[in-house]
Structure formats: structure tokens, C-alpha cells
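Residue-level structural notes
In case you want the letters, here they are:
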Amino acid sequence: MRVYADNAATTYLSETAMNTMLDCLKNFNGNPNSLHTDGQKTQEKLDEARETVAQCINAARANEIYFTSGGSEADNQALLSAARGQKAKGKKHLITLNIEHHAILHTMKKLENEGFEVTYLAPESNGIVDVEKVKDAIREDTALVSIMFANNEMGAIQPIPEIGAICKERKVLFHTDAVQAAAHLPIDVQAMNIDMLSMSAHKFHGPKGVGVLYARNGIKLVNVIEGGAQERGKRAGTINVPGNAALAAALKEGCDKLEENTAYVTALRDRLIEGLSDIPHSQLNGDRYKRLPGNVNYSFEGVEGESLLLHLDLYGICCSSGSACTSESLDPSHVLMGMGVPVEAAHGSLRFSLNEENTEEEVDYIIEKVHKVVEHYRSISPFWDELESGERQHCI
Ligand SMILES: *Cc1c(COP(=O)(O)O)cnc(C)c1O
């Protein structure tokens, strides 16, 4: 049996997205910036895609949607724009979470090197930031609050509408990395007072290498890529029309089926959480309820997440330990550490990210095999022996 349970790392291309891409590749090959008929035909295709994306997140205007090469570029551009754009006004303070994606954290480091001061707030032990702490961190010179919609590793959903309201009241720009949320949770940029938002097609059955930065009208973007005047002069380079059209099609499909998918995937998630809950000295990471519909992040004490992952792969199960971006390093996840999970527990963590393509049979198969591999690695671990004999203290 093969079970793909790593949808937070990437999803498989949907039929709709693939057909949209193929149609563009065959029939819309003009450069959308060309004035001739072929170019204008492609331009119309792109306009349609932009309009669709705007509607899915309730942006006021389609021209607030900028196509990028993915979530990382959108995150980079949002942060660099908000910071550099307000430096002249004396605003040199930025606020974010210590559990953000590296596209945010590394850009914040870059901005620190440019003289900005960054406050890295830690969430509570359930992975969710206390809005009072956000409120208290805002200063006269704060240029931006960037807080992710939902975490890619442990799934916790942040109080985005509350943070949006605070930022609006204090007149501070608010960006959210919604890469894990788009097409999985309802998003309304106007009602939620979101000024800038990032998303990425490959996290909702679109192709890899395409994303969106939403930036409310009036926000001055700085270019990350210089060149031609594409994307209203804010993102140079001939546009990937098949990719962007497929992004829009996949986003629309996800948003149209949001309620149905959420109910189905949440039931699978809860079945998996329940099924793993009888493994001793283990814990669910991230809030039990305010979490992404498909996310299950579990720590098993006394074992290495990497060993479990590789062994589960032999059984045909694809999952992840920590985030895919850090899976080559054996450092414990900065997300789990950032929310106060003990280091031993962080080392033994696995993330399963389910979606509407998974089934109850697959979940039951995962439950059976996880029990088996955790027992196996504990049975051969000298470390586990020390825990069981009382020489070492259990942390879970
Ligand atoms: C995947 C991911 C990104 C990066 O998106 P890419 O399109 O792969 O560059 C950024 N933030 C979060 C939360 C993610 O899950």
C-alpha cells in the first residue's frame, strides 16, 4: 500500500490544474505583453486568473494580486517592501513569530543586517500566539507585523482577524504567510484587515514554482527581481501563464469545495490523532482543535523522527519529520523548539499532512505501522532502557 501523507510539503497536481496548464501550453503561447492578437489572447487568460485569485480571498481589486515564483518570493517581497518602504519615515521595527517559515525568518535576518530591529514572539505551548503579546510588542516605530496564518509543521492556526484588527487600529502594516491556509481555510483579506498575504500553488494542488503576493492598493512594493515592467512594474520577467492559470484553477476548486473537504479531512485527522493517542510517552504538538484540517504532528519519546520516517517509507507511507526544508539537517525543528517542546520530544516527531485524497483505510494503515515502528525502535534503544529503568526522566 502507498499512502501519501505529506501534503504540507507539497500536493500532487490536480486534474483541473493539469488540464488548465495543458490548455495554456497548447493554445496560449503569445507573450502577454505583446500588443498583437496572440499576445492579447494570453493576456486575457492571465487577467482571468488574476480575477479568480482576487475573488477567492475577497481582494477588492484584481490589480492587488501579483504573481510570483512561489511562497518564498512572496514572503521576501512583502517583508522587504514593508521595511525598506517605511525606513525613511523612521520606522525600523518589525514583529514576527519564532515559528515562521524560513522564507520569513531568513528575510528578517537580512533586514536586521540592514539596521532593522526584529521582535520574535514565541507562541504559547499550543503553538498559538497570545494576541496581547502582539499588541504589547507594537511600538511607535513598528513598520510591520508578519504572522503566519497556519503553521506548516504543527498546524496551529493563528488568531488572524484579531491581529488584523490590532494592526489596523495601531496603523501598522500586517502581512500573513498564508501558504498553508490558502484553499484549506476561509480567507477574506478585507474582513480580516490583511494588508499583504503570500500563497503558493503547490500547497493546494497547483504546480510548483508559482505563487501570489496580495498587496492592498496603496502599499508600495519594492522589486525583488528587476527588469521589465511586468506585474505593474513590481516583478520583472515574462510571466508563467500556464502556471498562474493553473494556480487560479486549483485555488478556485479548493475554495469551492472548502466546507466539504474540511469536514472530510478533519474526520480523518481526528481518527489518526485518536489512533495514535494510546502510544505511551507520546504527545500531539499544536493546538488540538485550532489546527489545519489535515495536520497531525506527534512526538514519540525515545526515538528519532528520521528513523521512524525512513522505516515508514519502507511500508509505503510518505510523511515528514520537521519541515522538508530542514530535513537534511538533524537539528530539532525550530518550530517545536520555539513553542517549548522539550528537545528529546522534538527529535522524535513526525508530521502527517492529510488531504481529501486520503481514506480511512489509509489512516488505519498509518496507525498500525506507527505503533509497530515506534515499538521496534524503542525496543532496540539504550536510551529508552534508561528512561524505563528510571535512570533518566521521561519528558512526556
Ligand atoms: C511551503 C511554504 C513556503 C514556501 O513556499 P514555496 O512556494 O515552496 O516557496 C512558505 N511558507 C510556508 C508556511 C510554507 O509552508
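Conventions we followed
Residues numbered from 1 in each chain as written. Predicted model: local features only at pLDDT ≥ 70, side-chain atom pairs only at ≥ 80, totals over all residues. Heavy atoms only, no water. Helix = DSSP H or I, 4+ residues; strand = E, 2+ residues; numbered from the N terminus. Rg over C-alpha atoms; globule rule 2.2 N^0.38 Å. Buried < 20%, exposed > 50% of the residue type's maximum accessible area, 1.4 Å probe, protein only. Areas by Shrake-Rupley, 256 points an atom, 1.4 Å probe, with all protein chains shown as cover. Lys, Arg positive; Asp, Glu negative; His and termini not counted. Charge placed at Lys NZ, Arg CZ, Asp CG, Glu CD. Pairing = 2+ DSSP bridges. Axes fitted to C-alpha atoms, helices over the stretch in contact; angles between N-to-C directions. Contact = heavy atoms within 4.5 Å. Domains from an automatic or database assignment. Buried area = accessible area lost by both parts, 1.4 Å probe. Salt bridge = Lys/Arg side-chain N within 4 Å of Asp/Glu carboxyl O. Near = heavy atom within 4 Å. Polar contact = N/O pair within 3.5 Å; in protein donor to acceptor, adjacent residues only side chain to side chain. Nonpolar A, V, L, I, M, F, W, Y, C, P; charged D, E, K, R; others polar.

Within the chain, the secondary structure is distributed over 13 helices and twelve strands. Against the 2.2 N^0.38 benchmark of 21 Å for 396 residues, the chain shows a C-alpha radius of gyration of 22 Å, consistent with a compact globule. Here the C-alpha coordinates of the chain stretch approximately 75 × 50 × 35 Å along the principal axes. In the chain, which comprises 396 residues, the proportion classed as buried is 57%. Approximately 16600 Å² of the chain is accessible, and the part contributed by carbon and sulfur atoms is 51%. Charge separation in the chain, taken as the distance between the mean sites of 38 positive and 56 negative side-chain charges, equals 8 Å.

Reading across the sheet, the three strands line up as β9-β10-β12 and stay open at both edges, with antiparallel pairing between neighbours. Only two strands of the sheet have a single neighbouring strand rather than two, namely β9 (282–284) and β12 (349–353). Along the sheet, successive strands turn relative to each other by an average axial angle of 20°, direction set aside. Sheet analysis places β9 next to strand β10 (residues 295–300), joined by three bridges and oriented antiparallel. Paired with Gln 283 across the two strands is Ser 299, which belongs to β10. Against the sheet, helix α9 (residues 305–314) contacts β10 and β12, and its axis sits at roughly 45° relative to β12.

Let us look at the domain arrangement of the chain. Splitting the chain by domain gives domain 1 (3–9 + 258–389) and domain 2 (15–256). Taking the mean C-alpha position of each, domain 1 and domain 2 sit 29 Å from one another. Between domain 1 and domain 2, the contact holds 27 residues from the first and 32 residues from the second. Around 2300 Å² of area is buried between domain 1 and domain 2 when both sides are counted, 55% of it from carbon and sulfur atoms. On inspection of domain 1 and its partner domain 2, the count reaches zero salt bridges.

Neighbouring strands of a sheet are bound in pairs by backbone hydrogen bonds; such pairs are parallel or else antiparallel. Spatially, β2-β8-β7-β6-β5-β3-β4 is the arrangement adopted by the seven strands of the open sheet, whose pairing is mixed. Since the sheet does not close on itself, it has two edges, and those belong to β2 (65–68) and β4 (117–121), each with one partner. Adjacent strand axes in the sheet meet at a mean angle of 20°, parallel and antiparallel pairs treated alike. In this structure, strand β6 (residues 173–177) lies alongside strand β7 (residues 196–200), joined through three bridges in parallel fashion.

Time to look at the site of the ligand. Near the ligand lie 13 residues; those nearest to it are Ser 72, Asp 177, Gln 180, Ser 200 and Lys 203. Take Gly 71: an N or O atom from its main chain is 2.8 Å from an oxygen atom of the ligand. A per-element tally of the shell around the ligand places helix α3 (residues 71–86) first, with three residues. A class-by-class count of the residues in the shell around the ligand yields two nonpolar, eight polar and three charged.

What follows covers the pattern of salt bridges. Taken as a whole and assessed by the stated rule, the structure comprises 21 salt bridges. Note that Arg 50 and Glu 231 form a salt bridge whose closest N and O atoms lie 2.7 Å from each other. One end of the pair, Arg 50, is in helix α2 (residues 37–56); the other, Glu 231, is in the loop between β8 (211–215) and α7 (241–256), with 181 residues separating them in the sequence. Per residue, the accessibility class of Arg 50 equals that of Glu 231, and both read buried. Across the pair Lys 133 and Glu 124 runs a salt bridge whose closest N-O atoms are separated by 2.8 Å. With relative accessibility at 32%, the residue Glu 124 sits in the partly exposed group. Through salt bridges with shared partners, a single ionic network connects Lys 92, Glu 117, Arg 139 and Asp 141.

A separate point is α9. Of the positions making up α9, those classed as buried are Gly 305, Leu 308, Leu 309, His 311 and Leu 312. If you follow the buried residues of α9, they end up packed against β10, β11 (317–318), α11 (343–347), β12 and α12 (360–379). Of the residues one or two after α9, Gly 316 is the one with positive phi, at around 90°.

Okay, the side chain of Ser 321 next. Within the fold, Ser 321 resides in the loop between β11 and α10 (334–338). Reaching out from Ser 321, the side chain makes a polar contact with the side chain of Glu 306 at a distance of 3.4 Å. Once residues within four sequence positions are removed from consideration, Ser 321 is found in contact with Gly 305, Glu 306, Leu 309, Ser 349 and Leu 350.

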